[in-house]
Amino acid sequence: MNKAEFYSELNSQIKALCDSEPNLIANLANISAVLFERLADINWAGFYVVGDSVDKSRQELVLGPFQGRAACVRIPFGRGVCGTAVSTQQSMLVEDVHDFDGHIACDAASRSEVVVPIVVNDVVVAVLDIDSPIESRFDKDDQVGLESLVTFIEEIWA
């Protein structure tokens with residue numbers, strides 16, 4: 001099975017799992033679990049959400065549902081791979097996080113990362129973040145497959 005077929009199947013599985021469940025947090029938690037289970041050679045899969053339940057004006061990401069080791073709880077916009085994805089509103093594909101200026105090392109074992117912003121009504125509301133302990137683990141096919149998943153997440157978020 002090539003990557004396009006893999007991501008098509010993965011996205012179908014996730015859509016079926018989320019079908020008729022209205023709770024966003026439950027859906028994000030299950031999506032994280034499926035990604036962590038199905039993607040090979042990863043050590044973290046999950047979400048960072050924009051803002052704070054107490055102070056909505058804070059310009060930072062806050063840890064959301066995930067699978068993997070304990071993670072950084074808050075990431076300012078513009079910092080690290082996730083914060084840069086928010087600031088640019090573009091997916092980030094990083095072959096070696098040690099070469100990324102300003103990388104935030106939540107898990108020293110992580111070497112590569114892919115981050116896809118989740119945009120609703122032209123505003124970034126969260127990011128999908130996947131880390132791997134293997135350098136260059138992710139490629140454009142992974143990015144495209146995860147961007148397709150994020151399109152679905154944007155629909156259920158709205």
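### Considering the nonpolar core
(1) Moving on: With 27 residues, the main nonpolar core has Ile14, Leu35 and Ile130 as its most contacted residues.
(2) Moving on: Leaving out residues up to four positions away in the same chain, leucine 35 has contacts with Leu10, Ile14, Ile42, Ala45, Leu128, Ile130, Leu146 and Leu149.
(3) Moving on: Within the second largest apolar cluster, 16 residues are counted, among which are Leu61, Val81, Met92 and Phe100.

### Examining the sheet that holds strand β5 (residues 112-120)
(1) Moving on: In spatial order, the strands read β3-β2-β1-β6-β5-β4; together these 6 strands make up an open sheet with antiparallel pairing. On the outer flanks of this sheet lie β3 (74-76) and β4 (92-94), each paired with one strand and no other. Across the sheet, the axes of successive neighbouring strands diverge by a mean angle of 20°, strand direction being ignored.
(2) Moving on: Examined bridge by bridge, β5 and strand β6 (residues 123-132) share 9 bridges and lie antiparallel to one another. Following the sheet pairing, valine 115 is matched in β6 by aspartate 129.

### Regarding the pairing of β6
(1) Moving on: For β6, the tally of buried residues reaches 9 of 10 residues, placing the bulk of the element in the interior.
(2) Moving on: Linkage of β5 to β6, two consecutive antiparallel strands, is achieved through a turn of 2 residues, within which asparagine 121 is found at a positive phi near 55°.

Rules used in this analysis
Sequence order as written defines the numbering, with residues in each chain counted from 1. pLDDT decides what is reported in this predicted model: residues at 70 or higher carry local features, side-chain atom pairs at 80 or more are listed and counted, and totals for whole chains, interfaces and linings draw on all residues regardless. Based on all heavy atoms of the structure, the side-chain values leave hydrogens and waters out of the count. Think of a nonpolar core as a cluster: buried Ala, Val, Leu, Ile, Met, Phe, Trp, Tyr and Cys residues, connected wherever their side-chain atoms sit within 4.5 Å. Partly exposed residues are those whose accessible area sits between 20% and 50% of the maximum for their type, while under 20% is buried and over 50% is exposed, using a 1.4 Å probe and protein chains only. Here a residue-residue contact requires only that any non-hydrogen atoms of the pair lie within 4.5 Å. By definition, two strands form a pair when at least two bridges between them are found by DSSP. Working definition: helices are DSSP H or I runs of at least four residues, strands are E runs of at least two. Numbering for both runs from the N terminus. To obtain an axis, a line is fitted to C-alpha atoms, over the contacting stretch when the element is a helix, and the angle between two such axes runs from 0 to 180 degrees between their N-to-C directions.

Note that every value here comes from positions in space, so none of it alone points to a role or purpose.
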